[in-house]
Every structure is written in C-alpha cells, then in structure tokens.
Amino acid sequence: MAKNNNNLLAVLAIFVVVLSLISFGVTLYKFNQFKEQITGYASGYVNLTVTTATSINMSDDRVNWSGGTVNANEPNATLISYGNGAAVVTRGNWSTDGVDAMIVQNIGNVNCSLTIQSSKNASRLLGSVSGTNESFQWNVTNKDANSCINVSVGQLGSFVDVNITSGGTNFCSAFAFHDNRDEIYIDIALTVPPDTNSTFLGSEQTATLTILCT
Amino acid sequence: MVSDKAIVVLIIIAILLSTVSIIFTLSSTSSFDRIPQINEEKIPDVDKAQVSLIINPQPNTSGGAP
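Q: Help me out: how do you make sense of the interface of chain B and chain A in this one?
A: Interface size is commonly expressed as the accessible surface area that is lost when the partners come together. Facing 42 residues of chain B, the contacting portion of chain A comprises 65 residues. At the level of elements, helix 1 (4-29), strand 1 (37-43) and strand 2 (45-55) of chain B are the ones that each hand at least two residues to the side of chain B that touches chain A. Here the side of chain B that touches chain A takes 14 residues from helix 1 of chain B, the largest share from any one element. Here the residues of the side of chain B that touches chain A sort into 23 nonpolar, eleven polar and eight charged. One ladder, built from ten bridges, connects strand 13 (residues 204-213) of chain A with strand 2 of chain B; its direction is antiparallel. In the sheet register, Thr208(A) faces strand 2 of chain B, and the bridge partner there is Gln50(B).

Shown next, in the form of structure tokens:
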C-alpha cells in the first residue's frame, strides 16, 4: 500500500514539475509578446514628447502719460496707474485721461511662467541730474483672482523698482490659462524729478517692457 | 519503485521552478512603471509693452522781460 502511495506521489510530483516548466515557458513567451505590443520594440522605452504652445495677449500694452510738468517748488511729481480708469497724478499736471494698467492674458492652453524685464530703469527713463527724487516701479496684480499662482513672496501686489537685468523678474511660476482666471494687471508708478536733464525734456521718453511666458 | 527521497527532490524542484517563475514575472512587470515616458516641451511666447511720458520744462517763473 505504501509503495502504491509512493508511486502515486512520484507521478504527481513529476506532473507538477512538468506543469511548472510549461507555466514558466508560457509566462516568458507571453510577457515578451505583450512587451512588444505596448512598446513597439522588444527593449528600451517609449519616449513621447508633447509640444505645447504658450500664448499671451495684451489687451492694453501701453501706459502713456503724454506731456506734463512737475509743479513749481515741488520735490517731484508722482504718476501712478491703478487698474482701469483710476490713474492718479500728484504735484504735476500730466493728464490721467486714457491711462490704464497694462493687461496680460494667458490665451494658451497651458500654465506658463511669467517674467518681466524693463529696458530702462528710473535714471535712464527720467534722467535726474542729481540722481534723486526719481523712481520707476511696477506692480503686478491679479485682474482675475488666482491668475498668478505660486508667486515669489513680495513680488505680487506692491510697487517695486523695475528690473533691467537679463532674465528680469519672475512674477508667476504658474500663470493660469483657465477662463475667468487668466488675466493680470501691470501698473506703473513714476516719480518724476524737477531736475531732469535738458536732453530728456520735451521729447517722448519710452521704456519697453518685455513680458515672457515660458 | 520510487524512493521517498526522490519524491522530495521532485517536489523541491517544482517549488523552486514556481518561485523562479513568480520572481521573473514580478521583476519584469515592475519595469512597466517607467514606460511610456512623456515629456512636455513648451514653446515660449514674448510680448512687448511700453511706458512713455514727456517731461516738459518748467515755465520760467522769474517774471519775464521788463
């Protein structure tokens, strides 16, 4: 009886070994077949590059103060744009008519990093002989709430000196593209000195802002 | 007539083969996490804006010619 049991066990053991071999072989074969189907090649990786185009639009791309003068006996004049139709001039006679903030809209289909650089700083734009009582600042704010997210601390919502160094200032690491939260204002504040160099007087002085969306 | 030892050896071989098969399957399928690799390439956009003003000379307040 014990002999019969041993023989039966032996047959079963051999059957299990053969079954394991077949199972291993089938696994190996099917795996290689499956890998070829999903990768297109028997080894290596699928490397897929999706190209997305960033796109910004400026519905208002100019802050133009036209002509004016610092009031007599004043240390300076300040010219500040505040969003739409709320510009303010103090101690000077520049007109605020038509002076609005610049508006940048992300019209692409992907968030982008927003960087701004100016071609001129205060001294190059306003030309104070004494080098005092002049400033040229910008202030980036959300026109639509949460348009500019992941902001560097202190960069959004306050007037700071413009940046003329290469690369400019990064205001938004993620400038959103979603409807109703894809627009920002760029406001400008100028402090005009009373002692502007004569070569600057009477002619239009212009600074160009480069807005880069990457 | 098959000895007990031979049966044990056969069963151990079967267990080893099954173990190797399972390890191979697991190690092979773990590489699926790395494929496909999708990269995003953005094309940047640049726009220009201008700030301009004219600073007129202050009028002469000394009273002018006599």
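Q: Is there a simple way to think about the pairing of strand 4 (residues 77-80) of chain A in this case?
A: Across a regular strand the side chains alternate sides, sitting on one face of the sheet and then on the other. Residue and element names in this part refer to chain A. Every second residue of strand 4 is oriented toward a common face, the buried set being Ala77 and Leu79 and the non-buried set Thr78 and Ile80. Here strand 4 pairs with strand 12 (residues 183-192) via four bridges, running antiparallel. Each residue of the ladder has a partner; that of Leu79, found in strand 12, is Leu190. Sheet topology note: the strand 4/strand 5 (residues 88-90) ladder contains three bridges and is antiparallel. Residue pairing for strand 5: Leu79 is matched across the bridge by Val89.

Q: Just to check I follow, could you spell out the pairing of strand 7 (residues 112-118) of chain A for this structure?
A: All names here are of chain A. Burial analysis of strand 7 places five of its seven residues in the buried class, the great majority of the element. Of the pairings in the sheet, the one linking strand 7 to strand 11 (residues 169-175) comprises four bridges and is antiparallel in character. Note that in strand 11 the partner of Ile116 across the bridge is Thr169. As judged from the five bridges shared by strand 7 and strand 13, these two strands associate in the antiparallel manner. Directly across from Leu114, in strand 13, lies its bridge partner Cys213.

About the criteria used
- Residues numbered from 1 in each chain as written.
- Chains lettered and ligands numbered in written order.
- Predicted model: local features only at pLDDT ≥ 70, side-chain atom pairs only at ≥ 80, totals over all residues.
- Contact = placed C-beta atoms within 7 Å.
- Helix = DSSP H or I, 4+ residues; strand = E, 2+ residues; numbered from the N terminus.
- Nonpolar A, V, L, I, M, F, W, Y, C, P; charged D, E, K, R; others polar.
- Pairing = 2+ DSSP bridges.
- Buried ≥ 20, exposed ≤ 12 C-beta atoms within 10 Å, placed from the backbone.

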